[in-house]
Amino acid sequence: MHHWAVGGDIYIGWPDHGATERRYTIVDLDLFGKVFRARVTDGDREGGFMVIFDCPNVVLEQLAEQATNALGFRVIVSSLRTSIEGAIVRSFDYEWYPTPEYEARPRALATALAGLYNDVAPGQAG
């Protein structure tokens, strides 16, 4: 589906803030069908996002609630839209810090969302 890989480029913007897409380098990623989590850098700072492509907002909200219940930490769907190489998506937000205590959260959430999405929208994950 997508060409992304660690060390590769990705173009991200935030249309709600008037920020057009610009190039970032992928530092870490999980791609499970339509569930995409990445940590990126612009060379100075790092940031991350987790999205599900082509997923209705009502389903995103349902998945965030189910993930919160499954994982034991709060997951919400951001109202801020993100543009990833032309696709407009809403990302999942959750508490995360670059410490050992929070280290497993991004991958655990990506894995949980992929499983939950398969349950909610069977046949749509690929």
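K.L.:
Is there a simple way to think about the packing of aromatic side chains in this case?
P.N.:
Here the distance between the centres and the angle between the planes together describe a pair of aromatic rings. On inspection of all chains with the given rule, the structure shows seven aromatic pairs. A centroid spacing of 5.9 Å and a plane angle of 20° characterise the contact between Trp-4 and Phe-53, whose relative ring orientation is stacked. Here the residue Trp-4 occupies a position in the segment before strand E1 (9–14), and Phe-53 occupies one in the loop between strand E4 (46–52) and helix H1 (57–71), the gap between them amounting to 49 residues. Summarising the burial analysis for this pair, Trp-4 and Phe-53 share the class buried. Here Phe-73 and Tyr-94 contribute two aromatic rings whose centre-to-centre distance is 6.1 Å and whose plane-to-plane angle is 45°, an arrangement assigned as tilted. Here Phe-73, found in the loop between H1 and strand E5 (75–84), pairs with Tyr-94, found in strand E6 (residues 87–94); they are 21 residues apart in sequence, far enough to count as distant. Here Phe-73 falls in the buried class, since its relative accessible area comes to 10%. Site record: aromatic cluster; members linked through ring pairs are Trp-4, Phe-36, Phe-49 and Phe-53. Here Arg-105 stacks its cationic end above the ring of Phe-73, 4.1 Å away from the centre of that ring.

K.L.:
Please clarify how the environment of Thr-68 should be interpreted in this entry.
P.N.:
Mapped onto the fold, Thr-68 is located in helix H1. Taking C-alpha positions, Thr-68 is 20 Å from Thr-99, a pair spaced 31 residues apart along the chain. Only 2.8 Å separates the side chain of Thr-68 from the backbone nitrogen of Val-75, close enough to count as a polar contact.

K.L.:
What is the right way to read the environment of Ala-67 from this model?
P.N.:
Take Ala-67: it is sitting in helix H1. The class of Ala-67 is buried, set by a relative accessible area of 0%. Those residues in contact with Ala-67, other than ones at most four positions away along the chain, are Gly-72, Val-75, Leu-109, Leu-113 and Leu-116.

K.L.:
I'm lost on the side chain of Ser-78 in this one. Help?
P.N.:
Within the secondary structure layout, Ser-78 lies in strand E5. For Ser-78, a relative accessible area of 10% gives the class buried. Looking at Ser-78, its side chain comes within polar contact range of the main-chain nitrogen of Leu-80, at 3.0 Å.

Analysis parameters
Counting of residues starts from 1 at the beginning of each chain's written sequence and follows it residue by residue. Local features are withheld for residues below a pLDDT of 70 in this predicted model, meaning they are given only at 70 or higher, and side-chain atom pairs are given and counted only at 80 or more; totals for whole chains, interfaces and linings count all residues. For side-chain calculations, the full set of non-hydrogen atoms in the structure is used, while hydrogens and water are omitted. Ring pairs are drawn from Phe, Tyr and Trp, using the six-membered ring of Trp, whenever the two centres fall within 6.5 Å, and their geometry is named by plane angle: stacked under 30 degrees, edge-to-face over 60, tilted for the rest. Numbered from the N terminus, helices here are DSSP runs of H or I no shorter than four residues, and strands are runs of E no shorter than two. Burial here depends on accessible area, computed with a 1.4 Å probe over protein chains only, as a share of the maximum for the residue type. Under 20% is buried, over 50% is exposed, and the range in between is partly exposed. Whether a charge sits over a ring comes down to the Lys NZ or Arg CZ being within 6 Å of the ring centre and within 35 degrees of the ring normal. Polar contacts, as used here, are pairs of N or O atoms within 3.5 Å; protein pairs need one atom able to donate a hydrogen and one able to accept it. Residues neighboring in sequence count only if both atoms are side-chain atoms. Any pair of residues with heavy atoms lying within 4.5 Å of one another is described as a contacting pair.

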